[in-house]
Amino acid sequence: MNSLPKVHTGFQSSTEKLLDWNHPMYKLYEKAKKFGGWNPIDIDFSVDRQSVLNSGPKERELVAQLVALFGAGEEAVTLDFLPVLYTMANEGRLEDTIYLTTFLYEEAKHTEFFARWRQEVGMTEDLSKYHTDNYKKVFYEMLPQAMNALYTDNSPEAQVRALTTYHMVVEGMLAESGYHSFRLGFQATGLLPGMIEGIKNLGRDEGRHIGFGTYTLRRLISQDPKLYDVFTETMDGLLPYAIGLINDTIAITEGEEMYGVDWTIMTDYAIKQYNTREASISKAKDHFDAYLEIEEEAEAIIE
Ligand code: MN3
Ligand code: FE
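The notes below deal with the structure included here.

Calculation notes
- Sequence order as written defines the numbering, with residues in each chain counted from 1.
- Lettering of chains starts at A and numbering of ligands starts at 1, both following the order in which they are written.
- In keeping with the model being predicted, local features are shown solely for residues with a pLDDT of at least 70 and side-chain atom pairs are shown and tallied solely at 80 or more, while totals for entire chains, interfaces and linings include all residues.
- For the side-chain quantities, the full set of heavy atoms in the structure was used; hydrogens and water were omitted.
- Under the scheme used here, helices are H or I runs from DSSP no shorter than 4 residues and strands are E runs no shorter than 2 residues, and both carry numbers assigned from the N terminus.
- Only protein chains enter the accessibility calculation, which uses a 1.4 Å probe; a residue is then buried when its area is under 20% of its type maximum, exposed when over 50%, and partly exposed in between.
- Residue contacts are defined here by distance: any two heavy atoms, one from each residue, within 4.5 Å place the two residues in contact.
- Residues enter a nonpolar core if they are buried and are Ala, Val, Leu, Ile, Met, Phe, Trp, Tyr or Cys, with the set joined through side-chain atoms within 4.5 Å.
- Sites may look incomplete because water is not among the atoms; the donors themselves are N, O and S atoms within 2.8 Å of the metal, or within 3.2 Å for Na, K and Ca.
- Here is the rule: rings of Phe, Tyr and Trp (six-membered ring for Trp) pair when centre to centre is within 6.5 Å. Planes less than 30 degrees apart are stacked, more than 60 are edge-to-face, and the remainder are tilted.
- Counting rule applied: Lys, Arg positive; Asp, Glu negative; His and chain ends not counted.
- Between Lys or Arg on one side and Asp or Glu on the other, a salt bridge is scored when a side-chain nitrogen of the former is within 4 Å of a carboxyl oxygen of the latter.
- For this analysis, a polar contact is any N or O atom pair within 3.5 Å, provided that within protein one partner can donate a hydrogen and the other can accept it, and provided that sequence-adjacent residues contribute only side-chain to side-chain pairs.

Observations regarding the side chain of threonine 249
Phase 1: Among the secondary structure elements, threonine 249 is positioned in helix H9 (residues 227-250).
Phase 2: Taking relative accessible area as the criterion, threonine 249 reaches 3% and is therefore assigned buried.
Phase 3: Setting aside chain neighbours within four positions, we find threonine 249 in contact with Leu62, Gln65, Leu66 and Leu69.

Here's what the structure looks like:
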């Protein structure tokens, strides 16, 4: 189960290799340094504040629900990511580990972003009531359980379960769909420009995060195609709750347009994202010798 090395047998930085500058994860690190430096404190939320003050009760409640879900979602991924960093470091994957230092910093910044927005617009009441049973199942239980399992079981199976939960469903399906709907709902109206500015930066960070998840899942599955079944079982196990929590959120609209948007399209968009993730990982199972090819594909994702 757990074969983590207890001592170092040498250090890459002292060898002729230094660092693998062409490693896809090292390249992702360079991108993170270049694009991940935005600061939530620089964003102006004054228009957002006015819009929230002027909104009707139903409109305010839709925004409150979205913020309750995404604020807590960012907090969950901040608190629960460490086991992956731990696993990569213990396997001696230096380039992956270097990239992941930016990953955790970015999730922390996303958590800060939602807290700042709430404070600046005056939406500081307790929003926990918007966490439905479906939401709790994914974010209170399934995500931390899959991640923390890595502390006692670093097997490829456990890694596939953790990364599928975190990168494919929570980030790749739920966060991507949510941020898409934020842009769809609030960009055209111009009501929440501070929120939109933050979400655009956040979305760019998430693209890199999903790049790491896709690359690593493909690496694992290419080395053992049987892991593809672990991947699909994990995806299927999460799907009903993931769709359930989206439907819980949009129930308030009662199928009517709000902010000029039909919010029921969120469910379709999420299913589309789910299928995209599955298709992208399925490629790895036929190419279990083609590690180099996978590196090239991962680079294409990152670009
Ligand atoms: Mn995030
Ligand atoms: Fe992320």
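Regarding the nonpolar core
Phase 1: Counting 87 residues, the largest nonpolar core has Trp117, Phe212 and Trp263 as the members making the most contacts within it.
Phase 2: Sort the elements by how many residues they give to this core and helix H7 (residues 156-186) lands first, with 14 residues.
Phase 3: With residues up to four places along the chain from it excluded, the contact list for tryptophan 263 reads Leu62, Leu66, Ser181, Gly185, Phe186, Ile250, Thr253 and Met258.

So, the coordination of the manganese ion (ligand 1)
Note on metal sites: the ideal angle is 109.5 degrees for four tetrahedral donors, and 90 or 180 degrees for six octahedral donors.
Phase 1: In this structure, Glu74 (OE), Glu107 (OE), His110 (ND1) and Glu206 (OE) serve as the protein donors to the manganese ion (ligand 1), at separations of 1.9 to 2.3 Å.
Phase 2: Linear spacing of the donor residues for the manganese ion (ligand 1) on their chain is E-x32-E-x2-H-x95-E.
Phase 3: The metal-metal distance between the manganese ion (ligand 1) and the iron ion (ligand 2) is 3.3 Å, with glutamate 107 coordinating both. Pair noted here: glutamate 107 and histidine 110 are both in helix H5 (residues 94-121), with a separation of three residues, about one helical turn. Each of the two residues, glutamate 107 as well as histidine 110, counts as buried.

Points about the packing of aromatic side chains
Phase 1: Tallied over the entire structure, the rule returns 20 aromatic pairs.
Phase 2: An aromatic cluster is present here, built from Phe70, Tyr179, Phe182, Phe186, Tyr259 and Trp263 joined pairwise through their rings.

Overview of the side chain of glutamate 95
Phase 1: Mapped onto the fold, glutamate 95 is located in helix H5.
Phase 2: The charged side chain of glutamate 95 is buried without a salt bridge, its nearest counter-charge being lysine 17 at 5.0 Å.
Phase 3: Only 2.7 Å separates the side chain of glutamate 95 from the side chain of glutamine 12, close enough to count as a polar contact.
Phase 4: Residues within four places of glutamate 95 in sequence aside, it is in contact with Gln12, Leu19, Asp20, His23, Met25 and Tyr26.

Section: the environment of isoleucine 41
Phase 1: Assignment of secondary structure puts isoleucine 41 in the loop between helix H1 (24-35) and helix H2 (46-54).
Phase 2: By relative accessible area, which is 53% here, isoleucine 41 ends up exposed.
Phase 3: Between the alpha carbons of isoleucine 41 and threonine 111 there is a distance of 12 Å; along the sequence they are 70 residues apart.

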